[in-house]
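Listed below, chain by chain, are the residues.
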Amino acid sequence: MSISINGTSCSSVHFTGIFGSGMSAIAQYLAWNGVNISGSDRLTGSADSEKVKNALLACGCSIHPQNGSGIGKDTGAVCVSTAIEEDNPDIAAARKFNVPVVHRSDVLAAIVRDKKSVAVAGTSGKSTVTAMIFELLTACGKSPSLISGAALRRLEEKGLLGNAFSGDSGLLVIEADESDGTLVKYSPYASVILNISKDHKPEEEVLGMFKQLIGQSKWSAANKDDSKLNTLGTSTTFGFGDMADFKGTITKKEALSVTVTVNGTNFTLPVPGEHNAANLLSALCVCKHLGCDDPALAAAAAGYKGVERRFAIHRSTSGVTVIDDFAHNPEKIRAAVNAAKNLSSKMIAVYQPHGFGPTRFLKNEYAAAFREIFRDGDTLCLLPIYYAGGTAVKDISSQDIITLMGEVPFNALAVDGRDDAINTIKSYMRDDTCVLLMGARDPSLPAFAKKIVESL
C-alpha cells in the first residue's frame, strides 16, 4: 500500500522521533495498513521507551539509531514533528537522497482525507474525549480506527501500545492538536471543539484555527458553556446550560465517578470530576450524531476504561492514594486538583513543568491557579522544568513560579530533583493525605509515580 502525502505517493515512511506519542500512533496505523515504516529516536536505548519500541517492532516497524542510517534512496518520505530541529542527522540524510521531509500533520491529514474522520480539538481534554468517542463507537458496533496522543487502557489490555487502532469501518477518530498550529490542515467529516484557555498560543490565534477547522468540516459541535467559543458557528452545541442544543445535567458526583443525564437517560462514568462530565457530554453529542442509541451508550460509558496517566489511581501498601495525571497547563491542573479533592482532606501535589518556553509563557497563570486551588494544609512541590532537548532559552525556573506566588496559606516549594520530592512527600504526609503527580511529555513520569507508591 502507499499513501499520498502532499501529492507524493509513498510506499514507505521514516519517522524521526518515532517514540513520540503522536508519531508512534501514526506509524502503527500506517504499518497495519501496509505502508513500510521505519523510524529513529534519541531515546532508542532508554528503558523508559522499551514498551514503545517493542510495540512498534511487533507491528512491523524497523527501528534505527538517529544518525541517518535508516534513510536511503528508496525511502518515500521522512516524517518529522515540530520538536525535530533542522540539524538532525535524519534530515541531512533525507536531503542527501532527495527524500521529501514532511510534517507529522501532513501525514495525518492524508489519512484523514481517506476516512470519515472525527477530529477532537480544544485546549484541554482532547485525549480523553478521543478515547471516549472511540470506546463508545466501538461498543455501539461502529468499528472505528483511532490515532491519538495517549494510550487507551482498553487497547493496552489487548497487548497494543494503546494510542492507535485500525478498525473495519471508514470511521476514524483523531486528536487534533493546536499547539503547533497544524490542526488547520485537517478536513474531517466532523470536528468537536471542547474549550479554550491560554496554553501554547494566544487564545485569539487558536480561535482562528478552530474557525478554519470548522469551515473544513461537514459537521461540527462546540461547548456552549465556554463563552469564548460562541462565535464559532458550529452545526450544533453541547453543554450543561439552558442554551445548549445538546443539553446535559450532572446528577451525581462521587469520589470515583460522575453521572450525566441527557433526556432522561443516565450515563455514569467511572472517573471523577466535572471536567470529565463535560468530556462525556461532548462524546455523547458526537456519537448520537453518528447513529448510536442511548442504551448502548449508557453501557459503554459505564465500562469506560480510561486513558494512561489521566487521573490514574495507585495505592501504596500502607493505603496512601497516589494519582498520576498528564495535567500540564493551569486549566488541566485546576481540573485534576479539584477532582483529587474528593479523595482526601489534604493533598501533596508534585508538578513537573515541561519546557522553558511554555513555562515562561504561562508563569502568571500558573501562579494564579496555584494560589486559587490549594487549601490550607496542602503542599505544592515543583520539580525542575523538564528539558526535552533542542534550542531553549533557560531563563526561568520552578523557583521563579514559587516566588511569583508570594505568600500563600499552603506549603509551596521548588526542589532540586525527584529524590528531594519523595523526601518532601514523606515529611508532609499525614493521615487522609493523597499525592497527585502531574506533568507531561516525559516518558519517565509513570516510573516515577511507581517509585512514589513504593516509597510510601
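Before reading further, recall that the structure is shown in the block above.
Because the structure is a prediction, the values reported are computed rather than measured.

> Would you explain the nonpolar core in this entry?
Soluble, globular proteins show a tendency: their nonpolar side chains are buried together. In terms of nonpolar packing, the biggest core is built from 52 residues, with F15, L30, I37, I147, I193 and F210 touching the most fellow members. Take this core: its biggest share by element is 7 residues, from helix 1 (residues 21–32). With sequence-adjacent residues up to four places away left out, F15 is seen in contact with M23, I26, A27, L30, I37, S38, G39, S40 and C79. By size, the runner-up hydrophobic cluster in this structure holds 45 residues, among which are L137, V192, F246 and V262.

> Just checking my understanding: could you explain helix 10 (residues 330–340) for this structure?
Residues separated by three or four positions in an α-helix point in the same direction, a consequence of the helix having 3.6 residues per turn. With 9 of 11 residues buried, helix 10 is to be regarded as a mostly interior element. Of all the residues in helix 10, the buried ones are P330, K332, I333, R334, A335, A336, V337, A339 and A340. Packed against the buried residues of helix 10 are helix 8 (274–289), strand 20 (321–325), strand 21 (346–352), helix 12 (363–373) and strand 24 (433–439). For helix 10, the side-chain oxygen to backbone nitrogen distance between the N-cap and E331 is 3.1 Å, and the N-cap itself is N329.

> Sorry if this is basic, but what is going on with the sheet that holds strand 16 (residues 249–254) here?
Strands pair in a sheet through their backbones, by hydrogen bonds, and they do so in one of two ways: parallel or antiparallel. What the 3 strands build is an open sheet, ordered 16-17-18; its pairing is antiparallel. If you trace the sheet from one side to the other, it starts and ends with strand 16 and strand 18 (265–269), each paired once. Taken over all neighbouring pairs, the strand axes of this sheet differ in orientation by 20° on average, direction set aside. By the bridge criterion, 5 bridges tie strand 17 (residues 257–262) to strand 18 in an arrangement that is antiparallel. Directly across from V262, in strand 18, lies its bridge partner T265. Each of strand 16, strand 17 and strand 18 is contacted by helix 8, which is oriented at about 40° to strand 17, the strand it contacts most.

> How should the sheet that holds strand 20 be read in this particular structure?
An order of 19-20-24-21-22-23 is seen for the 6 strands of this open sheet, with the pairing classed as mixed. The two strands at the open ends of the sheet, each matched to only one other strand, are strand 19 (312–315) and strand 23 (411–414). Direction aside, neighbouring strands of the sheet carry axes that sit 15° apart on average. Where helix 13 (residues 398–405) meets the sheet, its contacts fall on strand 22 (379–382) and strand 23, and the angle it forms with strand 23 comes to roughly 150°.

> In this structure, what is going on with the side chain of S344? I would like to understand it.
Of note, S344 is situated in the loop between helix 10 and strand 21. For S344, a relative accessible area of 9% puts it in the buried group. At a separation of 2.6 Å, a polar atom in the side chain of S344 contacts the main-chain carbonyl oxygen of K346. At 3.4 Å, the side chain of S344 forms a polar contact with the backbone nitrogen of C434. Residues contacting S344, with those up to four places away along its chain left out, are R375, D432, T433 and C434.

> In this structure, what is going on with the packing of aromatic side chains? I would like to understand it.
Aromatic ring pairs: the centre-centre distance and the angle between the two ring planes describe each pair. Here the structure, examined in full by the defined rule, presents 7 aromatic pairs. Note on F134 and F165: the rings are 5.8 Å apart at their centroids and 65° apart in plane angle, and the pair reads as edge-to-face. Placement of F134 in helix 5 (residues 126–139) and of F165 in strand 10 (residues 164–165) is noted, with a sequence separation of 31 residues between them. Classification of F134 by relative accessible area gives buried; the value is 3%.

Thresholds, definitions, all that
Residue positions are counted from 1 within each chain, in the order its sequence is given. Since the coordinates come from a predicted model, pLDDT governs what is reported: local features require at least 70, and pairs of side-chain atoms require 80 or more to be given and counted, while whole-chain, interface and lining totals use all residues. With hydrogens and water stripped out, all remaining heavy atoms of the structure feed into the side-chain values. Within this scheme, the nonpolar core is defined by two criteria: the residues are buried Ala, Val, Leu, Ile, Met, Phe, Trp, Tyr or Cys, and they are joined through side-chain atoms within 4.5 Å. The classification of residues rests on relative accessible area computed with a 1.4 Å probe and restricted to protein chains. Under 20% of the type maximum is buried, over 50% is exposed, and intermediate values are partly exposed. Helix numbers and strand numbers start at the N terminus; a helix is a DSSP run of H or I with at least 4 residues, a strand a run of E with at least 2. Residue contacts follow a heavy-atom distance rule, with two residues in contact if any of their heavy atoms lie within 4.5 Å. Distance and chemistry together define a polar contact, namely a pair of N or O atoms within 3.5 Å, with one atom able to donate a hydrogen and the other to accept it when in protein, and with adjacent residues in sequence counting only for side-chain atoms on both sides. Strand pairing is assigned whenever DSSP detects at least two bridges linking the two strands. All axes here are fitted lines through C-alpha atoms, helices being fitted over the stretch that makes contact, and every angle between N-to-C directions spans 0 to 180 degrees. Each aromatic pair joins two rings of Phe, Tyr and Trp (for Trp, the six-membered one) with centres within 6.5 Å, and gets the label stacked for planes under 30 degrees apart, edge-to-face for over 60, and tilted for any other angle.

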